[in-house]
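A look at the structure
Residues per chain are reported as follows:
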Amino acid sequence: LWYDTGLARIANNLTDIGASGSTLKVMLVGTGYTPSRAHDFVDHVTAYEIDLTATGYVPGFNGAGRKTLADSVVTVESGNIIKWDATDVTWTTLGTGATIRYAIIIQESTNDAGSSLICCCQAAADIVTGGGDVTIQWNANGIARISNAP
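Rules behind the numbers
Residues numbered from 1 in each chain as written. Predicted model: local features only at pLDDT ≥ 70, side-chain atom pairs only at ≥ 80, totals over all residues. Heavy atoms only, no water. Helix = DSSP H or I, 4+ residues; strand = E, 2+ residues; numbered from the N terminus. Rg over C-alpha atoms; globule rule 2.2 N^0.38 Å. Salt bridge = Lys/Arg side-chain N within 4 Å of Asp/Glu carboxyl O. Buried < 20%, exposed > 50% of the residue type's maximum accessible area, 1.4 Å probe, protein only. Pairing = 2+ DSSP bridges. Core = buried A, V, L, I, M, F, W, Y, C linked by side-chain atoms within 4.5 Å. Contact = heavy atoms within 4.5 Å. pLDDT = per-residue confidence, 0-100. Axes fitted to C-alpha atoms, helices over the stretch in contact; angles between N-to-C directions.

1. Examining the overall build of the protein chain
On a plain count of helices and strands, the protein chain comes out with one helix and nine strands. Reading the helices (α) and strands (β) of the protein chain from amino to carboxyl end gives α-β-β-β-β-β-β-β-β-β. For the protein chain, whose C-alpha radius of gyration is 15 Å, the value lies close to the compact-globule estimate of 15 Å for 150 residues. The principal-axis extents of the C-alpha atoms in the protein chain amount to approximately 50 × 30 × 30 Å.

2. Brief notes about the pattern of salt bridges
Within the structure shown, the criterion is met by seven salt bridges. Here Lys 25 and Glu 108 are joined by a salt bridge, their closest N and O atoms 3.1 Å apart. Residue Lys 25 is found in strand 1 (residues 24-29), and its partner Glu 108 is found in the loop between strand 6 (96-107) and strand 7 (116-130); the two are separated by 83 residues along the sequence. One exposure class covers both Lys 25 and Glu 108, and it is buried. By sharing partners, the salt bridges in this structure join Lys 25, Glu 49, Arg 66, Glu 108 and Asp 112 into a single network.

3. Notes on the sheet that holds strand 6
Strands pair in a sheet through their backbones, by hydrogen bonds, and they do so in one of two ways: parallel or antiparallel. Spatial ordering of the open sheet is given by 2-1-6-7, a layout of four strands whose pairing is antiparallel. Looking along the sheet, the strands with just one partner apiece sit at the ends: strand 2 (67-68) and strand 7.

4. Digging into the nonpolar core
Formed by 36 residues in total, the largest nonpolar core has its most connected members in Leu 28, Leu 69, Trp 84, Ile 104, Ile 105, Trp 138 and Ile 143. Contributing elements (two or more residues each) for this core: strand 1, strand 5 (89-91), strand 6, strand 7 and strand 8 (134-136). Looking at which element gives the most residues to this core, the answer is strand 6, with seven residues. Not counting chain neighbours up to four residues away, the residues in contact with Ile 143 comprise Leu 69, Trp 84, Asp 85, Ala 86, Ile 105, Cys 119, Cys 121 and Trp 138.

5. A few points about the pairing of strand 4 (residues 81-85)
Bridge analysis of strand 3 (residues 73-77) against strand 4 gives five bridges, and the strand direction is antiparallel. When the bridges of strand 4 are listed, Thr 75 appears paired with Lys 83. The hairpin formed by strand 3 and strand 4 contains three residues between the paired strands, and Gly 79 there has a positive phi angle of roughly 80°.

6. Here we look at the confidence of the model for the protein chain
Looking at the protein chain, pLDDT values average 87 and 92% of them are 70 or higher. Highest mean pLDDT in the protein chain belongs to strand 8 (95); lowest belongs to helix 1 (residues 4-11) (80).

7. Observations regarding the sheet that holds strand 4
Overall, antiparallel pairing links the three strands, which are arranged 3-4-9 in an open sheet. Each edge of the sheet is formed by a strand with only one pairing partner; in this case those strands are strand 3 and strand 9 (144-147). If you compare each strand with its neighbour and ignore which way they point, the axes differ by 20° on average.

Following this line, the structure appears as structure tokens:
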């Protein structure tokens, strides 16, 4: 799901998802969240961010839980398909007690009220933390694709 404001920021070149200088991060969100294209800033979803402060995921702005999205790249493929992809993201030894349903890509700014939501990716199945690593493996077709066909 693309957030309307996030997609508009990309179209207006305010967020460059393929630039190495962009600060894009991934936050993990639980089952209580209902995605909406109308959500625009991170403070709309922070109440649903997982919290394993003592065991590997500290939520909140600049929290140690949010991971930087590495090697973000945008390519144009045959059929006028624009593909966005990046390196898979891993959290090591996350404690028990959280259920993850969404990985949300954000552009952190000055605080959560000023940090933009870009897109929301739903896990194929809920991920229950149990003390081990959690990896968000992006689809082989990329994080997101946009058709630019006439």
